[in-house]
Amino acid sequence: MFKKLLAAVVVCVAAIVPAAAQKAEVTLSYGAYTQMDAMDMKDGWHHVNTAWGALNAGVNFRVAPKVWIGPSYTFSSTTTKGGPESSHIAYHAVMFNGRYHYYTNSIVSLYAKVGLGVEFSYMQPRHDDAYTKTYCAFQIVPVGAQVDLSRSWAMYAEAGFGAQGLFQFGFKYKF
């Protein structure tokens, strides 16, 4: 359902915002070592493996020359240590993000970002009914860097902490 919702938002943004204005962007990234691994967002389950990281997607809108805001979706998953009792956890985080560009030159733009939202841990025990626990999701990025590859495409990297990962690397498509 989250994938369909995100796709609908992207299509709506693409239809509403003219391409030449470049006042909106779609982001896709991978983040390593998430908040879900660092904090107990697994309902006290023991022997949980470290997740493989997180896939992140978002839509941002420029509301001022240096300020961007918008929603994001993050997915990650993990398992408990093997054996006949091996179980699965799927993490889904939905956040609202704000980004401020504090330095820009012809090559790179440096920025800070914060995000706040909710994280759903979908618990799938091996021999019991699945259930969902909710937690507060956040992302704090003091240093992010963006390099424009063309008028429409950019790549970026971020160092911070939260649901989207300790380190992130991704691409942006600007409208």
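Residues numbered from 1 in each chain as written. Predicted model: local features only at pLDDT ≥ 70, side-chain atom pairs only at ≥ 80, totals over all residues. Heavy atoms only, no water.

J.: Looking at this structure, how should I read the pairing of strand β1 (residues 24-32)?
T.: Looking along a regular strand, one sees side chains alternate from face to face of the sheet. Summarising the sheet, β1 and strand β2 (residues 54-64) pair through eight bridges and their orientation is antiparallel. The residue bridging Val-26 from the neighbouring strand is Val-59, located in β2. Where β1 lies against strand β8 (residues 167-174), eight bridges are found, and the strand directions are antiparallel. Within the sheet, the bridge partner assigned to Ser-29 lies in β8 and is Gly-170. (Pairing = 2+ DSSP bridges. Helix = DSSP H or I, 4+ residues; strand = E, 2+ residues; numbered from the N terminus.)

J.: Got a minute to help me understand the confidence of the model for the protein chain in this structure?
T.: As a note on interpretation, predicted positions should not be read in detail where pLDDT is low. When pLDDT is averaged along the protein chain, the result is 89, and 87% of the positions lie at 70 or above. Ignoring residues within four places in sequence, the model shows residues 16-21, a span with pLDDT below 50, making six contacts including any to other chains. (pLDDT = per-residue confidence, 0-100. Contact = heavy atoms within 4.5 Å.)

J.: Can you help me understand the packing of aromatic side chains in this one?
T.: What describes a pair of aromatic rings is the distance from one ring centre to the other and the angle between the planes of the rings. Applying the stated criterion across every chain, the model contains five aromatic pairs. The interplanar angle of 80° and the centroid separation of 5.6 Å between the aromatic rings of Phe-169 and Phe-171 together place this pair among those described as edge-to-face. Aromatic pair Tyr-173 and Phe-175: ring centres 5.2 Å apart, planes at 90°, arrangement edge-to-face. These aromatic residues form a ring-pair network of at least three members: Trp-153, Tyr-173 and Phe-175. (Phe/Tyr/Trp six-rings, centres within 6.5 Å; stacked < 30°, edge-to-face > 60°.)

J.: I tried to follow the environment of Ser-87 on my own but got confused; where do I start?
T.: Structurally, Ser-87 is set in the loop between β3 (67-79) and β4 (88-104). On the basis of relative accessible area, Ser-87 is assigned to the buried category, the value being 6%. Through-space distance from the C-alpha of Ser-87 to that of Asp-128 is 9.9 Å; in sequence the pair is 41 residues apart. Contacts of Ser-87, omitting those with residues within four sequence positions, involve Trp-45, Thr-78, Thr-79, Thr-80, Gln-124, Pro-125 and Arg-126. A distance of 3.0 Å separates a polar side-chain atom of Ser-87 from the backbone nitrogen of Arg-126. (Buried < 20%, exposed > 50% of the residue type's maximum accessible area, 1.4 Å probe, protein only. Polar contact = N/O pair within 3.5 Å; in protein donor to acceptor, adjacent residues only side chain to side chain.)

J.: Could you clarify how one ought to interpret the sheet that holds β1 in this entry?
T.: Sheet strands pair via backbone hydrogen bonds, and the direction of the pair is either parallel or antiparallel. Read around the barrel, eight strands follow the order β1-β2-β3-β4-β5-β6-β7-β8 and close on themselves; strand pairing throughout is antiparallel. Adjacent strand axes in the sheet meet at a mean angle of 25° when their direction is disregarded. Across 15 bridges, the pairing between strand β5 (residues 108-124) and strand β6 (residues 131-148) is antiparallel. What sits directly across from Glu-119, in β6, is Tyr-135. (Axes fitted to C-alpha atoms, helices over the stretch in contact; angles between N-to-C directions.)

J.: What am I meant to see in the nonpolar core here?
T.: Burial of nonpolar side chains together is a common tendency in soluble globular proteins. The biggest cluster of nonpolar side chains holds 11 residues, and these are Met-36, Met-41, Trp-45, Val-48, Ile-89, Tyr-91, Ala-93, Met-95, Met-123, Ala-137 and Ala-163. The dominant element in this core, judged by the number of residues it contributes, is β4, at four residues. Not counting chain neighbours up to four residues away, the residues in contact with Val-48 comprise Lys-42, Thr-78, Thr-79, Thr-80, Lys-81 and Ile-89. (Core = buried A, V, L, I, M, F, W, Y, C linked by side-chain atoms within 4.5 Å.)

J.: What exactly am I supposed to notice about the pairing of β8 here?
T.: Only one face of β8 is covered, namely the face carrying Gln-168, Gly-170, Lys-172 and Lys-174; the face carrying Phe-167, Phe-169, Phe-171 and Tyr-173 is uncovered. The pairing of strand β7 (residues 153-162) with β8 spans seven bridges and is classified as antiparallel. Note on β8: the bridge partner recorded for Trp-153 is Tyr-173.

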